[in-house]
Amino acid sequence: MRKIPRVVAHRGASAVDPEHTLAAYRRAIEVGADGLECDVRLTADGHLVCVHDRRINRTSNGRGVLSTKSLSELETYDWGSWKQAAEAERVRVEEEQRLPDLDARRLLTLETLLATVRDAGRPVELSIETKHPTRYAGLVERRLIETLDRFGWAHPRLGTESPVRVMSFSWLSLRRMRAAAPGLRTVLLMDRVPLRFRDGSLPTGVSYAGPSLEIVTAHPEYVSRAHKHGHQVHVWTVNHDADIRHCGNLGVDAVITDRPDAALRVLADQ
Ligand code: G3P
Ligand code: CA
């Protein structure tokens, strides 16, 4: 029987709600996503927040580089209105489906997202991507482990499993994470597969492969190669129905998508 890929909501249900807001993650959980994806960045005063870009201009009403600002300053900005103004899809959502507006506008800390996963009422995976970790000489990874430890998820007790996978384009970042927390699963994100790993192998200590959709479209054989080496394959960012179907046919382990509801539907119908 063919295995159905797990559906991981990229930045939450970000096709509908403003990315990286509690509203986007709550909706992803409500529609039945198996997992959530988020990017984390460090504020000037050492807090991890869920934001994709280096600068805050695109997704908030503030301006400037996130890492130069304190958490309390960042919390004064509106992180959701840009989406309402920019995209018509949100206004098509049924009124009663809307989540409280504040959840769609507040800055989200990693701590709050972890609590949301813990309190989801069912198992939900969380894929956390460290953004540009090499700039901070290990600080992002140390803060991440401290934060995960508060939930028992960096060093899971024997017989328990952490719902967290740490993802990065940086092998160095993943090595740091594995050295400090050997029980954590890691995903190496790739927008091209280095020559020495085209056979499906991965650098030592990396658990899963995270190729782009473009890689598995141009080189579908990569998926079975990675599987032969015992590695799961998590593909990003898979938004169109035809691409979701393609990933289902290839037998990938997870699709990371802005449209978790559509992905679940397409994969169930396949
Ligand atoms: O899930 C991996 C994917 O999120 C990487 O790209 O730019 O969306 O963080 P980006
Ligand atoms: Ca990401």
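Below is a short write-up of the structure. Every chain begins its residue count from 1, and numbering advances along the sequence as written. Chain labels run from A onward and ligand labels from 1 onward, assigned in the order the entries are written. For a predicted model such as this one, the threshold for reporting local features is a pLDDT of at least 70, and the threshold for listing and counting side-chain atom pairs is 80 or more; totals across whole chains, interfaces and linings nevertheless cover every residue.

### Describing the overall build of the protein
Thinking step 1. The numbering of helices and of strands both runs from the N terminus, where a helix is a DSSP run of H or I of at least 4 residues and a strand a run of E of at least 2. The secondary structure content of the protein amounts to eleven helices and nine strands.
Thinking step 2. Contact definition: two residues whose C-beta atoms, as placed from backbone geometry, lie within 7 Å. Restricting to contacts in the protein with at least 6 residues of sequence separation, those with at least 24 account for 59%.

### Quick notes on the site of ligand 1
Thinking step 1. The environment of ligand 1 is made up of H10, E37, D39, H52, E129, L189, W236, T237 and I256.
Thinking step 2. When the residues that make up the shell around ligand 1 are grouped by side-chain class, the tally is three nonpolar, three polar and three charged. Using the backbone to place each C-beta atom, any residue with that atom within 6 Å of a molecule or strand is considered near it. In the scheme used here, Gly and all other residues not listed as nonpolar or charged are polar, with Ala, Val, Leu, Ile, Met, Phe, Trp, Tyr, Cys and Pro taken as nonpolar and Asp, Glu, Lys and Arg as charged.

### Quick word on helix 6 (residues 139-149)
Thinking step 1. Those residues of helix 6 that fall on the buried side of the exposure criterion are V140, E141, L144, T147 and L148. Buried residues of helix 6 fall within an arc of 130° about the axis and therefore sit on the same side. Relative to its buried face, helix 6 has exposed residues pointing more than 90 degrees away, namely L139 and D149.
Thinking step 2. Of the surrounding elements, those touching the buried residues of helix 6 are strand 2 (35-42), strand 3 (48-50), helix 5 (110-118), strand 4 (125-130), strand 5 (164-168) and helix 7 (171-180). Any residue whose C-beta has 12 or fewer other C-beta atoms within 10 Å is treated as exposed, any with 20 or more as buried, and any in between as partly exposed, C-beta atoms being built from the backbone. What the arc measures is the spread of directions leading from the helix axis to the C-beta atoms.

### Some details on the pairing of strand 5
Thinking step 1. By the criterion of burial, strand 5 is predominantly enclosed, with five of the five residues buried.
Thinking step 2. Side chains V164, V166 and S168 of strand 5 all project onto a buried face; the interleaved residues R165 and M167 project onto the opposite face, where all are buried too.
Thinking step 3. As paired strands, strand 4 and strand 5 are joined by four bridges and run parallel to one another. Counted as the bridge partner of S127 is R165 from strand 5.
Thinking step 4. Seen with the strands pointing away from the viewer, any crossover whose path from the first strand over the helix to the second strand runs clockwise is right-handed. Where the polypeptide runs from strand 5 across helix 7 and back to strand 6 (residues 185-190), its parallel neighbour, the crossover connection is right-handed. In short, DSSP must find at least two bridges between two strands for them to pair.

### Side note on the pairing of strand 2
Looking down a regular strand, the side chains alternate between one sheet face and the other.
Thinking step 1. Burial runs high along strand 2: eight of the eight residues are buried.
Thinking step 2. Both faces of strand 2 are covered, namely the face carrying G35, E37, D39 and R41 and the face carrying L36, C38, V40 and L42.
Thinking step 3. As judged from the three bridges shared by strand 1 (residues 6-10) and strand 2, these two strands associate in the parallel manner. For A9, the partnering residue across the bridge sits in strand 2 and is L36.
Thinking step 4. Where strand 2 lies against strand 3, three bridges are found, and the strand directions are antiparallel. Looking across to strand 3, one finds that V40 is bridged to C50.
Thinking step 5. In sequence, strand 2 turns back onto strand 3 through a hairpin of five residues, with G46 there showing a positive phi of about 85°.

### A word on unusual backbone geometry
Thinking step 1. For the bond running from W236 to T237, omega is -25°, close enough to zero to count as cis.
Thinking step 2. For T237, the position within the fold is in the loop between strand 8 (234-235) and helix 10 (241-250).
Thinking step 3. The backbone phi angle of R11 is positive, close to 60°, even though this residue is not glycine.
Thinking step 4. The topology assignment puts R11 in the loop between strand 1 and helix 1 (22-31).
Thinking step 5. The exposure class of R11 is buried, given the 26 C-beta atoms found within 10 Å.
Thinking step 6. In the Ramachandran plot, H20 falls in the positive-phi region, its phi being about 65° despite a non-glycine side chain.
Thinking step 7. The topology assignment puts H20 in the loop between strand 1 and helix 1.
Thinking step 8. Taking the number of C-beta atoms within 10 Å as the measure of exposure, H20 has 24 and is therefore buried.

### A word on the packing of helix 10 against helix 11 (residues 260-269)
Each pair of packed helices can be summarised by the angle the axes make with each other and by the distance between the axes.
Thinking step 1. Contact pair helix 10 / helix 11: the axes reach a minimum separation of 9 Å and the direction vectors enclose 55°. Our classification of the angle between helix 10 and helix 11 gives oblique. Where helix 10 crosses over helix 11, the two elements pack in a sense that is right-handed. Only A262, A263, V266 and L267 of helix 11 make contact with helix 10, whose side of the interface consists of D241, I244, R245 and G248.
Thinking step 2. By residue class, the composition of the contact of helix 10 with helix 11 is five nonpolar, one polar and two charged. A fitted line through C-alpha atoms serves as each axis, taken over the contacting stretch for helices, and the angle formed by two N-to-C directions is quoted from 0 to 180°. Each angle receives one of four descriptions, namely roughly parallel if under 35 degrees, roughly antiparallel if over 145, roughly perpendicular if within 65 to 115, and oblique otherwise. Should the near helix be turned anticlockwise from the far one by less than a right angle, the crossing is left-handed, and should it be turned clockwise, the crossing is right-handed.

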